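Coordinate inspection notes
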Amino acid sequence: MNQEDYLPQDAYEAEGDAPDDAGDDTEATRRAAGEAESSRASRGWWDRNADEYQSEHGAFLGDDRFVWGPEGLDEADAALLGPAAALKGLDILEIGAGAAQCARWLAAQGARPVALDLSHRQLQHALRIGDEVPLVEADAGALPFRDGSFDMACSAYGAVPFVSDPVNVFREVHRVLRPGGRWVFSVTHPVRWAFPDEPGPEGLSVSASYFDRTPYVEQDEHGRAVYVEHHRTLGDRVRDLVAAGFRLVDLVEPEWPAWNRQEWGGWSPLRGNLIPGTAVFVCVRDGG
């Protein structure tokens, strides 16, 4: 991708203090949350929690490894973007890149990745690890790139679960992809929304309706959202992708591997051997 294909951004400094913490006096609830509130909450949450997240999960994610989810499905083995050798020279956008671990792996294959994230603090961690990948701080619903700037786009648990209007995000991805471009993203498997987010036996009993699309919201004492996650059923995801102009070519539900003994939030070997935890959507932008 050429430099003129994306808008100039301010330089990022790896030094500096972490953002102030919002405090622990939050309430978990299910209520409506629009796009502006969701975006504001996501930016604040990831800025406050980036240090802890990278400290806790950095070893599992690696500095230059492409992992699709807590199961440990590795792009080097899965090749959902295509054979690694075929990535050389391709312009690839990673959305919700965090510390850009996936983008760094793509660069090692000879691709030309750009790592985009809403959180300034996450991108500071990307700079801490290395400066070989271009970084862009922006909202996935308003991608600051020209039409047809990329050959592929990808996202490993980034952006998509946290937006109230996924069709808008998908249309933005469709816009910046070239014809034939592949869009691959992973999210929490929708069936998990019917179960408590617990790694042990208590997380194996249905406690809510799978069909309840009401967002999960953590809010402060003033009722302001500090964390928002949105639920869509599998059918919703497929319809949203079609509405944005994509063709779904595969839906991957990674099985829990025997080597992975770690717990990550509500993901665990116990649950992973019984119910899916991640859904990976492999899509193509057809047409001219």
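For the structure itself, look to the data block above.
Quick caveat: nothing in here was measured; it's all calculated off a predicted structure. Just so you know, the residues in each chain are numbered from 1, in the order the chain's sequence is written. Selection of residues for local features in this predicted model requires a pLDDT of at least 70, selection of side-chain atom pairs for listing and counting requires 80 or more, and totals for whole chains, interfaces and linings are taken over all residues. The basis for the side-chain values is all heavy atoms of the structure; hydrogens and waters are excluded.

1. Re the pattern of salt bridges
Rules: A side-chain nitrogen of Lys or Arg and a carboxyl oxygen of Asp or Glu constitute a salt bridge if their distance falls within 4 Å. What counts as a helix is a DSSP run of H or I of at least four residues, what counts as a strand is a run of E of at least two, and both are numbered from the N terminus.
On inspection of all chains with the given rule, the structure shows 16 salt bridges. For Glu-137, the salt bridge goes to Arg-43, with nearest N and O atoms at 3.2 Å. Of this pair, Glu-137 sits in strand E4 (residues 135–137) while Arg-43 sits in helix H1 (residues 35–61), and the two are 94 residues apart along the sequence. We note a salt bridge from Glu-132 to Arg-104, for which the minimum N-O separation is 3.6 Å. Separated by 28 residues along the polypeptide, Glu-132 in the loop between helix H4 (120–129) and E4 and Arg-104 in helix H3 (residues 101–108) bring together distant segments of the chain.

2. Points about the sheet that holds E4
So the rule is basically this: Here, a strand pair is defined by DSSP locating no fewer than two bridges between the strands. The axes are straight lines fitted to the C-alpha atoms, using for helices just the contacting stretch, and the angles between their N-to-C directions are given from 0 to 180°. Here, two residues are considered to be in contact whenever any of their heavy atoms come within 4.5 Å of each other.
As summarised here, the arrangement of the seven strands in space is E4-E3-E2-E5-E6-E10-E9, forming an open sheet in which the pairing is mixed. Where the open sheet ends on each side, the last strands, each with one partner, are E4 and strand E9 (246–252). Neighbouring strand axes in the sheet, compared pairwise and without regard to direction, differ in orientation by 20 degrees on average. As paired strands, strand E2 (residues 91–95) and strand E3 (residues 112–117) are joined by five bridges and run parallel to one another. The partner of Leu-93 across the bridge, within E3, is Val-114. Relative to E3, H3 is tilted by about 175 degrees, and along the sheet it contacts E2, E3 and strand E5 (150–156).

3. Comments concerning the packing of aromatic side chains
Going by this rule: Only rings of Phe, Tyr and Trp enter the pairing, Trp through its six-membered ring, and a pair is recorded when the two centres are within 6.5 Å. The plane angle decides the type: under 30 degrees is stacked, over 60 is edge-to-face, the rest tilted. Three labels apply to residues, based on accessible area from a 1.4 Å probe with only protein chains included: buried if under 20% of the type maximum, exposed if over 50%, partly exposed otherwise in between.
For the coordinates displayed, the defined rule picks out 17 aromatic pairs. With a centroid separation of 4.8 Å and 80 degrees between ring planes, the pair formed by Trp-45 and Trp-46 is classed as edge-to-face. Summarising the aromatic geometry, the rings of Tyr-157 and Trp-267 are spaced 5.9 Å apart at their centres and angled 80 degrees between planes, so their arrangement reads as edge-to-face. Here Tyr-157 is found in the loop between E5 and helix H5 (166–176), whereas its partner Trp-267 is found in the loop between E9 and helix H7 (269–272), with 110 residues between them in sequence. The exposure classification of Tyr-157 matches that of Trp-267, with both residues buried.

4. Remarks on the side chain of Gln-219
Stated formally: In protein, a polar contact requires one atom able to donate a hydrogen and another able to accept it; more generally it is a pair of N or O atoms within 3.5 Å, and residues adjacent in sequence count only if both atoms are side-chain atoms.
Mapped onto the elements of the fold, Gln-219 is located in strand E7 (residues 216–219). Side-chain polar atoms of Gln-219 contact the side chain of Arg-31, separated by 2.8 Å. Excluding residues that lie within four positions of it along the chain, Gln-219 makes contacts with Asp-25, Thr-26, Glu-27, Thr-29, Arg-31, Arg-224, Ala-225 and Val-226.

5. Observations regarding H4
Burial in H4 covers these residues: Arg-121, Gln-122, Leu-123, Gln-124, His-125 and Ala-126. Buried residues along H4 sit in contact with H1, H3, E3 and E4. Sitting at the amino-terminal end of H4 is Ser-119, which places a side-chain oxygen 3.4 Å from the backbone nitrogen of Arg-121.

6. Things to note about the pairing of E3
Applied cut-off: By the criterion used throughout, a crossover qualifies as right-handed when its path from the first strand across the helix to the second strand runs clockwise, the strands pointing away from the viewer.
Counting buried positions along E3 yields five of six residues, so the element is predominantly enclosed. A crossover links E2 with its parallel partner E3, the connecting element being H3, and its sense is right-handed. Pairing analysis gives three bridges linking E3 to E4, with the strands arranged parallel. In the sheet register, Ala-115 faces E4, and the bridge partner there is Leu-135. Between the parallel elements E3 and E4, the chain passes through H4 in a crossover that is right-handed.

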